Amino acid sequence: MAAMRDVVFVDGVRTPFGRAGEKGMYWGTRADDLAVKALQGLIERNPDLPLDRIDDVGIAATTQQGDQGLTLGRTVSILAGIPLTVPGFALDRMCAGAMTVASFMGAAIGAGQYDVAIAGGVEHMGRHPIGFDADPNPRFVAEKMVSADALNMGVTAERLHDRFPQLTKERADRFGMLSQQKVQAAYDRGDIQADLVPVAFRTPEGWGLATEDEGRRPETTMEGLAGLKTPFRPHGRVTAGTSSPLTDGATVSLLAGADTAKELGLTAKMRLVGFGFAGVQPEVMGLGPVPSTEKALRRAGLTIDDIGLFELNEAFAVQVLSFTDHFGISDDDPRVNPWGGAIAFGHPLAASGVRLMIQLARQFEQRPDVRYGLTAMCVGLGQGGSMIWENPHFDGKRKRK
């Protein structure tokens, strides 16, 4: 059996994320067109990539219907101008859709079955709300396999507050406020814009151009957060200020074997070390990244102390805090989401996993003192996904000032 090849993350881009709903900038834009625009942007940024060398295109979506259905990987590939000889597929693992595609593509490349692959995701939550037209099997509730409200992500977040009293509303509020501030600071430094593909959109007032994420609220204060309603439970602790908003957007990434990347003159931004997926009780789905990270670390022969940067999807503030508390990481640890997260950027479900990778890759460029980074996220119905990456710019002699 041939030895496993090194797998590298060559590049990744995304559309700006828009607020879902009639007032959002993408309300009149097709879901598949968002993915096409992102893929075209990736191709334009990598002109040395022979398109016929792409082995597969995988585009994830959670609600696969209408303009977000019809085997997105194939349709988006064709619309983006990739040769018809290149196949494509769609995948659903709810929030971890794009992460799962990237993991599977990485495994195929590592095993020598693929050389180059595209992995991404799209979610138009305005046109396709989560769970829309779904028909959960009645046995789930009738046989008490899961709670009737286990599909309500906000309720599962409230349960984390219940299970871990030390995860107070004040801690969650502060986390949410800091996420907004860190995202705005990253924008002010120009750290985010380089990986955004502008998208033209049409509204009743005319045409516009999306160049930034629409849902940011840098003016957020603790006082303002304290007064917000708790929509998931009377007198609860989860609010809009500590939750990721409903969002439209698309992400895509380019993965390759390290040898193939070198052959084609493509520069590697990260090396895939390993990944893990795990399941937990659906009622506390936010705990999913804990066992998936433990699994990924164990397989890689690493510990949590080896991780120098964390890109954790902020489905809810309490969800990230449950992860950091488990691993003994403080709320203000600078390794965690240094550029903020989904509470400010938004969380277009299946697309978010690649956003985490895009940001980690950009941070690696600035942090040669960091060797390993982690991208991780919770997943609906009680799952977690984690991927460990190595920084090709790592210099063990460099120390963070």
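Residues numbered from 1 in each chain as written. Predicted model: local features only at pLDDT ≥ 70, side-chain atom pairs only at ≥ 80, totals over all residues. Heavy atoms only, no water.

Named according to an unreviewed UniProt entry, the protein is acetyl-CoA C-acyltransferase originating from Leucobacter chromiisoli.

What follows concerns the UniProt feature "domain: Thiolase C-terminal" (unreviewed entry) in the protein. The UniProt record annotates "domain: Thiolase C-terminal" (unreviewed entry) at residues 268-390. The span residues 268-390 is 33% helix and 26% strand, and its two end C-alpha atoms sit 11 Å from each other. (UniProt positions renumbered as here; feature names shortened; annotations may be inferred. Helix = DSSP H or I, 4+ residues; strand = E, 2+ residues; numbered from the N terminus.)

Our next topic: the packing of helix 9 (residues 289-300) against helix 10 (residues 317-326). Geometry of a packed helix pair, given as the angle between the helix axes and the separation of the axes. One can describe the packing of helix 9 onto helix 10 by two numbers: an axis separation of 10 Å at closest approach and a directional angle of 45°. Relative to helix 10, helix 9 is oriented oblique. In this structure, helix 9 meets helix 10 at a crossing whose hand is right-handed. Along the contact surface, helix 9 presents Pro 289, Val 290, Thr 293 and Glu 294, while helix 10 presents Gln 319, Phe 323 and His 326. Here the contact of helix 9 with helix 10 is composed, by residue class, of three nonpolar, three polar and one charged. (Axes fitted to C-alpha atoms, helices over the stretch in contact; angles between N-to-C directions. Parallel < 35°, antiparallel > 145°, perpendicular 65-115°, else oblique. Left-handed = near helix turned anticlockwise from the far one by under 90°. Contact = heavy atoms within 4.5 Å. Nonpolar A, V, L, I, M, F, W, Y, C, P; charged D, E, K, R; others polar.)

In the numbering adopted here, UniProt assigns the feature "active site" (unreviewed entry) to Cys 95, His 347 and Cys 378. Their sequence span is 284 residues, while the largest C-alpha to C-alpha distance among them is just 11.9 Å; these annotated residues converge on one region. When you line up the elements, His 347 lands in the loop between helix 11 (342-345) and helix 12 (352-366). Other than its neighbours up to four places away in sequence, His 347 contacts Cys 95, Met 125, Ser 244, Pro 245, Thr 247, Asn 313, Ala 342, Ser 352 and Met 377. Separated by 3.3 Å, the side chains of His 347 and Asn 313 make a polar contact. Here Cys 378 is to be found in strand 11 (residues 372-379). Once residues within four sequence positions are removed from consideration, Cys 378 is found in contact with Cys 95, Met 285, Gly 286, Pro 289, Ala 315, Gln 319, Gln 383 and Gly 384. (Polar contact = N/O pair within 3.5 Å; in protein donor to acceptor, adjacent residues only side chain to side chain.)

Applying the stated criterion across every chain yields a total of zero disulfides. The thiol sulfur of Cys 378 is not disulfide-bonded, and the nearest other cysteine sulfur, from Cys 95, lies at 6.0 Å. Cys 378 sits in the buried class, given a relative accessible area of 1%. (Disulfide = S-S within 2.5 Å. Buried < 20%, exposed > 50% of the residue type's maximum accessible area, 1.4 Å probe, protein only.)

Okay, the nonpolar core next. One finds Leu 39, Ile 54, Val 122 and Leu 254 to be the most contacted residues of the largest nonpolar core, which totals 36 residues. Among the elements of the structure, strand 1 (7-14), helix 1 (31-45), strand 3 (56-60), helix 2 (72-79), strand 5 (116-124), strand 6 (199-203), strand 8 (247-257) and helix 8 (258-264) are those that each provide at least two residues to this core. At seven residues, helix 1 tops the list of elements feeding residues into this core. With sequence-adjacent residues up to four places away left out, Leu 39 is seen in contact with Val 76, Ser 77, Ala 80, Ile 82, Ile 118 and Val 252. (Core = buried A, V, L, I, M, F, W, Y, C linked by side-chain atoms within 4.5 Å.)

Sheet analysis places strand 6 next to strand 7 (residues 206-210), joined by five bridges and oriented antiparallel. Looking at strand 7, one finds that Phe 201 is bridged to Gly 208. In this structure, the hairpin formed by strand 6 and strand 7 is closed by a connection of two residues. (Pairing = 2+ DSSP bridges.)

In this model, helix 1 (15 residues) spans 22 Å end to end at C-alpha, consistent with the 21 Å of a helix rising 1.5 Å per residue. Those residues of helix 1 that fall on the buried side of the exposure criterion are Ala 31, Asp 32, Leu 34, Ala 35, Val 36, Ala 38, Leu 39, Gly 41, Leu 42 and Ile 43. Along its buried surface, helix 1 packs onto strand 1, helix 2, strand 5, strand 6 and strand 8. (Expected span 1.5 Å × (residues − 1).)

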